[in-house]
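Structural description and commentary
Single-letter residue listing:
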Amino acid sequence: MVFNFYVAQRILQHVEVPVPAPKADEVLLKIEAVSINPIDWKLQKGIVRPFLPRKFPFVPSATDVAGEVVTVGSGVKNFRAGDKVVSWISPASSGGLAEFCVAKGSLTVPRPPELSPVEAAGIPSGALSAHMALTRFAGVKLDLSGPQKSILVTAASGGVGLLSFNWPNLETPM
């Protein structure tokens, strides 16, 4: 699916696009599930213009994806074809709502076997935001190396809040 201009309505076109080739630091994924985040619909609505998307037609990014590795770039050593993974796709790149997309190897992790693709696709943006809030802004050491801290997490009902609330309480270092 692509969109060719900014719209307030939902106007997507189903089109055939070539399967992208991964660069040295990327993996090619066959998408199994995605989750839509606020940045994804803001792109289509034009809220972040003139910055994104950089050109039309644009395959919406769906920043959080779960899928299977098809091929890896020459610089990616920790994944191989057939691995089940979860990844975060930059809103600046396109492709998360396509059948295949490329993702940075450094922003891709193995999918825990106990999670379905649908469950796993809901994690990346919330987890990255929670991690940044805890480590950069609150100064929490998730590897348990620093002093204990008391933090207040309010409105912990969404993805970021839920992960921010539970992460510091884990017994196992991250």
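Residues numbered from 1 in each chain as written. Predicted model: local features only at pLDDT ≥ 70, side-chain atom pairs only at ≥ 80, totals over all residues. Heavy atoms only, no water.

An unreviewed UniProt entry lists the chain under the name Alcohol dehydrogenase-like N-terminal domain-containing protein, with Rhododendron griersonianum given as the organism.

**Re the overall build of the chain**
To keep things clear, this is the line we draw: Secondary structure counts use DSSP, requiring at least four H or I residues in a row for a helix and at least two E residues in a row for a strand, with both numbered from the N terminus. Using a 1.4 Å probe on the protein chains alone, a residue whose accessible area is under 20% of its type maximum counts as buried, one over 50% counts as exposed, and one in between counts as partly exposed. The contact criterion used is simple: two residues touch if any of their non-hydrogen atoms lie within 4.5 Å. What sets the accessible areas is the Shrake-Rupley method with a 1.4 Å probe; for residues, cover comes only from the shown protein chains.
Secondary structure summary: the chain contains four helices and five strands in total. Along the chain direction, N to C, the helices and strands of the chain fall in the order β-α-β-β-β-β-α-α-α. Looking at the chain as a whole, 34% of its 174 residues qualify as buried. In the chain, of all internal contacts separated by at least 6 residues, the share reaching a separation of at least 24 is 72%. Taken as a whole, the chain presents about 10,600 Å² of accessible surface, with 59% of it coming from carbon and sulfur.

**Describing the nonpolar core**
Considering soluble globular proteins, one finds that nonpolar side chains tend to be buried as a cluster. Note the following rule: By nonpolar core we mean a set of buried residues, namely Ala, Val, Leu, Ile, Met, Phe, Trp, Tyr and Cys, connected to one another through side-chain atoms within 4.5 Å.
If you look at the biggest cluster of nonpolar residues, it comprises eleven residues: V27, L29, I31, V65, V69, V76, F79, V85, I89, C101 and A103. Of all elements in the fold, only β1 (26–35), β2 (64–72) and β4 (100–104) reach the threshold of two or more residues within this core. With three residues, β1 is the largest single contributor of residues to this core. What F79 contacts, discounting residues up to four positions off in sequence, is V27, V69, V72, V85, G105, T108, V109 and P110. One finds A66, V86, A120 and A121 within the second-largest nonpolar core, a separate group that totals five residues.

**Topic: the sheet that holds strand β3 (residues 84–88)**
For clarity, the threshold we go by: By the convention used here, strands pair only if DSSP detects at least 2 bridges between them. Where helices are involved, their axes are fitted lines through C-alpha atoms of the stretch in contact, as for all axes, and angles between N-to-C directions lie from 0 to 180°.
Pairing in this open sheet of five strands is antiparallel, and the strands run β4-β1-β2-β3-β5 from one edge to the other. Strands at the two margins of the open sheet, each flanked by one partner only, are β4 and β5 (108–110). Taken over all neighbouring pairs, the strand axes of this sheet differ in orientation by 45° on average, direction set aside. Relative to β5, β3 is paired through three bridges, and the arrangement is antiparallel. In the strand pairing of β5, S87 is matched with T108. The strands touched by helix α3 (residues 124–137) within the sheet are β2 and β3, with β3 carrying the most contacts at an inclination of about 60°.

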